[in-house]
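Understanding the architecture of this molecule
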Amino acid sequence: MSKLDPKPTTCDPLKTWDDLNNLLQAGFKACKKGSQPSAIFDLDWYDIDEAELKSELELAGYKIESIDGSYYTIV
């Protein structure tokens, strides 16, 4: 019996708003005591418009700490 699953033959579709919300919620709920919670993600993995993303993050109370290429750090 193999320890690995068979190699996939197709790619998964891009992630959605629900996936991003789950990532942010998990990252901010699991922060260490005394540290500032944050999350890092690669926008290229998501089917989300960059301008809409920035607007939605602000509306939800998040702040973009930095953008490095397609990688976002959210606080």
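Source: prediction; values computed, not measured.

All told, the structure shown has three aromatic pairs when counted by the stated rule. With a centroid separation of 5.1 Å and an interplanar angle of 70°, the aromatic rings of Phe 28 and Tyr 62 are classed as edge-to-face. On the criterion of sequence distance, the pair formed by Phe 28 in helix α1 (residues 17-29) and Tyr 62 in the loop between α2 (50-59) and β2 (64-68) is long-range, its members being 34 residues apart. Ring geometry for Phe 41 and Tyr 46: centres 5.6 Å apart, planes at 75°, overall edge-to-face. For Phe 41, a relative accessible area of 4% corresponds to the buried category. Grouping aromatic residues by their ring pairs yields a cluster made of Phe 41, Tyr 46 and Tyr 72.

Attention now moves to the side chain of Ser 70. Mapping Ser 70 onto the fold places it in the loop between β2 and β3 (71-74). Only 2.5 Å separates the side chain of Ser 70 from the side chain of Asp 42, close enough to count as a polar contact.

The subject of this paragraph is the nonpolar core. The biggest cluster of nonpolar side chains holds 13 residues, and the ones touching the most others in it are Leu 20, Leu 24, Phe 41, Leu 43, Leu 53 and Ile 74. Elements represented by at least two residues in this core include exactly α1, β1 (39-42), α2 and β3. Top contributing element to this core by residue count: α1, with three residues.

What follows covers the sheet that holds β1. Read from one edge to the other, the open sheet built from three strands follows the order β1-β3-β2, with strand pairing classed as antiparallel. Only two strands of the sheet have a single partner each, and these edge strands are β1 and β2. Recorded for the sheet is a direction-independent mean angle of 15° between the axes of neighbouring strands. Two strands pair when backbone bridges link them, and β1 and β3 are joined in this way by four bridges, in the antiparallel orientation. What sits directly across from Phe 41, in β3, is Tyr 72. Contacts from α2 reach β1, β2 and β3 within the one sheet, and its direction differs from that of β3 by about 5°.

Procedures and definitions
- Residues numbered from 1 in each chain as written.
- Predicted model: local features only at pLDDT ≥ 70, side-chain atom pairs only at ≥ 80, totals over all residues.
- Heavy atoms only, no water.
- Phe/Tyr/Trp six-rings, centres within 6.5 Å; stacked < 30°, edge-to-face > 60°.
- Helix = DSSP H or I, 4+ residues; strand = E, 2+ residues; numbered from the N terminus.
- Buried < 20%, exposed > 50% of the residue type's maximum accessible area, 1.4 Å probe, protein only.
- Polar contact = N/O pair within 3.5 Å; in protein donor to acceptor, adjacent residues only side chain to side chain.
- Core = buried A, V, L, I, M, F, W, Y, C linked by side-chain atoms within 4.5 Å.
- Pairing = 2+ DSSP bridges.
- Axes fitted to C-alpha atoms, helices over the stretch in contact; angles between N-to-C directions.
- Contact = heavy atoms within 4.5 Å.

The values are spatial; any link to function lies outside them.
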